[in-house]
Amino acid sequence: MASTSDRGAHSDTVTLRRAASLLREIAATEGQSGKAVQKVRYLNDLAKDLKAHAISLSKRLNPLAALRCLCIPITSPNAAARAGAYRALRYLMVTQELHDAVLDMRVDVFIARALDQDASKETERLQAVKLIRSMLLLQPLNFPLSFGRGLVAVAESAQDNLAQSALAILCEMTVLNPLMASICGGIRAIHMGIVANHSNVMLQRIQKAYGNTLATPAPLTEFMTLSLLRLYNSPDTRCYLRQDVELETLIAPLLDVHYKHTAESTDGTSQQAMNEKTAHINASQMAVLTMFRTWQGLVYLCRPSDKSALQALVDVLPCPDESLQVAVLNVLFSVFHLKTPVETDDFGEALATICPSEFQEEWQLDQGWVAEEGRALLPRSGARVNMMDQYHAVVLQAFLSRGLLERLVEVSLSQHPQVSTKATILIGELLHMANTLLPVEIACSTHCLPTLVTVATDFQGSDERRNRANSVINNLDYLHQRKKDPLRANSLFLEQIMEQAKSAEGEKRKINRGSDWSVQDIDDAQLAASIRDTNVAQDKEYITWNFRLISSILRMPNISFRRLEDQHPKFVKRLLAFFRPNCNEFCIIPATQENIRRYSVVGLQLVSSLMAAYAPPEEPPKHLAELLSEIVQNITLVTKRSDLTRSVFSSTSLAHTLSRDYFLFAGKLSSTAAGCQLLEKCNAFREFLEVPELEEREDLQRLLISSLDYSRDGPCRIVLSKLLTNTTKDMRLYATSHLRVLHRARVPFFQTWCMEMLVTQLYDPCIEVAEEALDVLDEACEDESCLHTLVTLQPSLLHLGQRGRSLLMRFAGIGTGLRFLKNQEFFDSELDRWFKTENAAYVTQVELRTSQSFTGFKLQPEGQYTRRSNTDRPLAESLELWVPVHFYGQLVQQREGFDLLLKKGHIESLTEVLATTLSTAAQLHEVKSAIWALCHLGTKLWGLKVLLDSGVLGRIIELLETTTICTLKGSCILALSLIASTPHGCDALLSYNYQSVRHASRALWPVTTPASAEAQHQLASRVQSDGVDAGSTSESGDELSPSDGNLLSVGRPIKRSQSQAETRLSGSMSIALSTTSIDDLDTFSPDDPDGASLAASSGLQSLRSFKSTTTVLSSSSDLHFSRTSTQPASMSGGKMRSRRKHSNPLGRKSSVQISSGSAGGFVGVSLPMDIDQLFKLSDAKFSGSLAESLGEPVGLRFDSFHDIKDCLMCLHKPVPNAEEYTAAQIDLEEATERGPQENSSMKPKDSAMEEEEPDTSTFEGQLKVRRGLMSYIARLSGAVGSRNNQTQILSYKEKYPSLFRDVCLYSQVASLLEFYHFRVHVRRFIQHLFDDADFAAIFRGGGRPSLPELLMIAA
């Protein structure tokens, strides 16, 4: 029996011979009548073989011989044959040798010609486009200019069906070969295509195909913008963009009220014109938003210059065009990841739509349910740095420094109520963000709204405008009060989980959902009157009952259920009957938010009242037992698969009615010991344990797991464990996600019982469930008690890949985990792995997470990027960009781990990397990896000391402020957030004039710190000392300061120089800090966990020796900064930084005084006093033209009768009559040498001025005809006189038809099309002129290649 390998080899041989035979038949059928259909069939069969065996055939087929065979159908007059040849050639195009052969044989001319065909030959054009893309990907640096010109022409035609494909290929070209993209005009085409991508014609086509609305952005907009911004990243590619010209085209629709994309754009106020304007604005919005969400775009927009695009966006806000105002406001909401309110003039309605607890589609029962709601609403615990906060702080300060708030105030005072409402909400959100994310030294003077207060107190001006200003102030105050409200859940299920967790912790906090009724004690007469007003006893129809009053009665503290039952039995009987399942009243009410608040809340209060009257070992209340028994009976009908029409828990009922809330009643009972006993007595838990067996009832399982209370050990946890392990994959995934909700709600003893369940989920056979458990564990381990439990459990994590290894590395952050890993001999191999590869991989991971958080693309498990839909990423998820775990950052948390790092010598090597010159992409990546690794060391005091002693921190800040690479700036900005997350790091950054936020993340708003009050006191004292009357800050005399959390600060801006402001603000902070200098760290006692001696460490000694080889400032010149010190104005700002630059290559040794307080937990935001320091970037001179790339002026000579090198015919065949051509060339050279005065007949003339027809029988006459024709064709590249030039060319074709059948002349025209830009309809016109040319003659007569030649047998 033949082996598998033998059968495979035989099959390959058969396929190879079949492909060779097909190629010979394709070459043989040329010129035979009736063979066109057969040739197309041969080509299709060949394409199938090549597609299935491309690699093996390309290795054994002679590429040159195969190409000669395919050239026959490429020049065929049959469009189907040409399309089949392009398809086969694409599958054969797998080697660079064949790519070069295509260019050497000038086949690219015919491929470009196919691209210029009209819509009737769509299949041929499509195959040509695919072939062009494959050649670009195969050898991008050898991409022909003819392809680029053809793609640009197609991309600029919005009506062309292949315009989007051409734009996509041009975007790939900007990445793979930016020089060619610039030369061929591809970059310009992309700029114009971004805005034109939403043109009316293209939108209609998209709507017809996909049903999109007018405001839906085309899928290429973001991709095209990103490809352009990639060019702006580095000086090497930034030169291909024209400064202040090309990127501005993306913003122009938002800045110009009278914007017209092209001269042909519709004028006036017609519906078509309005649609085009809206389309251009939508495209510009998407492009600008993409720019804000990349470091390249952010640096470009915020660059400090008179032509700042950011300043232009701010200044356009008060323009009278309402559509532009709304567009810019929407961009601002999206930039800061804020929910955009609906357009309404009702402030309360608009505010309700942006409430975080507003219902979202992904919170439905059949989708994310409570797990997704809890993930969106409940804050993540722990002290890990959220990089999104640093990004928001940078962008916010950039906007505030350009007067955004004052411009928004002008918009809020406008006469457009809807725009005013939206602007007011944005002001409130930005002031709230400034209070929480900006350092108090920076934010204390940015909250002032002098224009708003001036208008509100101007009684001499317009009453209408003053009233609008007062309304804005009242709305801001209302928004301020709303921000102080505690977190409210949307569903009763999540709210009950939160209440159960608080109740188990001993906190008595009740969330009143149904009523704001003032609860107080009442007597019997008042109670009777209230019950009578509920209308329960008077009317059986529940629709007439006053449920708000019922809720208030049930919550009255002096009214027990026994009292109600004794005095008002009819009220109690009817109320209980309403909630009993068998009465079919409560359970058939539609499950709307209004009904849930009206009926379900009362039901929960009723169950609580019944439970309050039950104290075991007494018998439970009869009414409660009956209610629970009916609920259990209906569950039994489902678990026993009985008649579901009799059960209130059918799938339809649970999806649409309040019957789902019966599980809330059971969950309320499970929150007490007495309730659990009652549930056991009614056999509820027995039925609950049957629910996981119902594979088809995932809705029932979700309701069950989301309602029970797991705060105490007992049957509830058994039910949870069964739902985690004995259900379907989707349910196990949901149950695992629900554990995250329990952790964020702070369910008691989560670190014990729940951690064990999560570890069990790590071994789930479904990888998705295991990865979800891994995510929850990673979040839970931010709590050190959970991390200790995980170390004790010692789970197997390496089988989960890199993510499991990352969780294992977190063990090194605590002492017990460090010893465990040391016993497992984990450190040596892992440290070497991180130093060699993982530091670089960490940068890739961070940038990948950043990209997925900011852009509309997501990475699929198979490694491909797809476009993210609106529901794929909720707003809460987009606000989370946590710093991934770094092995060095975990080791440094323990002194023993840090010593191990020093002994390895990795820190010294990483420090040297920062001093390298950035000349390649690999070096840039290496520097980024060093920055992240070293900044992770700065999260602990002993690691920070090493960074300061070796000058690393100064070098990172120097890179941030001076580098010309935008992504490196971004890496430095984000990495510094790690340093700013600790008090020690904040003190160190202060010495470089970087202010940091000094409060914990997720702090309750309003954020107040000792620094904020002191800063306000210092600010007020400086106001008085500068001669500004404190009483004159506002005419009303009311001061609202950020120190007490108010959104609005009233007062006039303080006028002083920037250097003065920086000096005084940097010295105004006076937190009570230790005066211990970081230089005294070596003298600390070893018993001190924060200051053990490092002098004996060999790694530290080597770092100091490295530092000593450079020039260091003398001790007398070192500046000592402390939070309570003040320094002269001359030492702040630029002079201080200039002194820093003259130190060693990695910066001077910092002598900053730091605090010895707690070791972390800050937000992780640090900004310079002058935000423009982050965006300084030198402009690059444009060098992307064709002339500059060739080093000489570009021009084609039209005085050549025949050029052998460019002639397609002569390239493939011996030159006929070579002596005649040589003589003609000599005559031409002699005529040219005589000059224009001696040879006046050679001068080109206009047809209108020509007095006589050239004599075509002579060489000079033929030359004159050619020169005249070529000049007219060249003039078609311009838009002026195009129609007249076409007329003249057609007259030439009428007079000299044989001229347009000359392949030699077409060769010159093809060169003209390659070197000059022609619009697509002009290119088609030119190509159609030569439709009668016999291109097949170029390759005819070569004969069929033999089988040995095709199969390379000789080789």
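Parameters and conventions
- Residues numbered from 1 in each chain as written.
- Predicted model: local features only at pLDDT ≥ 70, side-chain atom pairs only at ≥ 80, totals over all residues.
- Heavy atoms only, no water.
- Helix = DSSP H or I, 4+ residues; strand = E, 2+ residues; numbered from the N terminus.
- Buried < 20%, exposed > 50% of the residue type's maximum accessible area, 1.4 Å probe, protein only.
- Contact = heavy atoms within 4.5 Å.
- Areas by Shrake-Rupley, 256 points an atom, 1.4 Å probe, with all protein chains shown as cover.
- pLDDT = per-residue confidence, 0-100.
- Core = buried A, V, L, I, M, F, W, Y, C linked by side-chain atoms within 4.5 Å.
- 1 Å grid on protein atoms, 1.4 Å probe; cavity = no way out; pocket = protein on both sides within 12 Å on 5 of 7 lines; lining within 4 Å.
- Points joined across faces, edges and corners; volume = space filled by probe spheres on them.
- Nonpolar A, V, L, I, M, F, W, Y, C, P; charged D, E, K, R; others polar.
- Expected span 1.5 Å × (residues − 1).
- Axes fitted to C-alpha atoms, helices over the stretch in contact; angles between N-to-C directions.
- Parallel < 35°, antiparallel > 145°, perpendicular 65-115°, else oblique.
- Left-handed = near helix turned anticlockwise from the far one by under 90°.

**Student:** Which residues make up the overall build of the chain, and what values do they have?
**Tutor:** When helices and strands are counted, the chain shows 69 helices and four strands. The burial tally for the chain puts 56% of its 1355 residues in the buried class. Residue pairs in contact within the chain that sit at least 24 positions apart in sequence constitute 75% of those at least 6 positions apart. Total accessible area computed for the chain in this model is approximately 56,500 Å², and 51% of it derives from carbon and sulfur atoms.

**Student:** Describe unusual backbone geometry, with residues and values.
**Tutor:** Despite not being glycine, W369 shows a phi value in the positive range, around 50 degrees. Along the chain, the position of W369 falls in helix 22 (residues 369–377). Positive phi, normally seen in glycine, also occurs at N993, with a value near 65 degrees.

**Student:** For the confidence of the model for the chain, give the residues involved together with the corresponding values.
**Tutor:** Taken as a whole, the chain shows an average pLDDT of 78; of its residues, 75% reach a score of 70 or greater. Here residues 206–217 scores under 50 on pLDDT; set against residues more than four positions off or in separate chains, the count is 17 contacts. Confidence over residues 507–519 falls short of pLDDT 50; this stretch has 27 contacts with residues more than four positions distant or in other chains.

**Student:** Got a sec to walk through the nonpolar core? Specific residues and values, please.
**Tutor:** With 376 residues, the main nonpolar core has I111, F292, F649, I931 and W932 as its most contacted residues. Discounting residues that sit within four places of it in the chain, I931 has contacts with L914, I956, L959, L968, S971, C972 and A975.

**Student:** Tell me what's going on with empty space enclosed by the protein, and back it up with residues and numbers.
**Tutor:** Under the defined criterion, the tally for this structure stands at twelve cavities of 30 Å³ or more. Roughly 90 Å³ of volume is contained in the second largest cavity. What lines the second largest cavity is simply R106, V109, A112, R113, D116, S146, Y1306, A1310, L1313, E1314, R1323 and Q1327. Those elements giving two or more residues to the lining of the second largest cavity turn out to be helix 7 (108–115), helix 67 (1303–1315) and helix 68 (1320–1329). Of the residues forming the lining of the second largest cavity, the biggest block, four residues, is contributed by helix 67. For the lining of the second largest cavity, a count of residues per class yields five nonpolar, two polar and five charged.

**Student:** Would you mind going over helix 14 (residues 220–231) in detail, with residue names and values included?
**Tutor:** The end-to-end C-alpha distance of helix 14, which contains twelve residues, comes to 17 Å, matching closely the 16 Å that a straight helix rising 1.5 Å per residue would cover. The element helix 14 is extensively covered by neighbouring structure, given that nine of its twelve residues are classed as buried.

**Student:** Explain the packing of helix 48 (residues 827–854) against helix 52 (residues 906–913) to me, and be specific about the residues and the numbers.
**Tutor:** Relative orientation of the contacting elements helix 48 and helix 52 amounts to 15 degrees, with a least axis distance of 11 Å. The orientation of helix 48 with respect to helix 52, classified from their angle, is roughly parallel. Relative to helix 52, the crossing made by helix 48 is right-handed. Contact residues: helix 48 offers L831, D832, F835 and N839, while helix 52 offers H906, S909 and L910. Classifying every residue of the contact of helix 48 with helix 52 by side-chain character gives three nonpolar, three polar and one charged.

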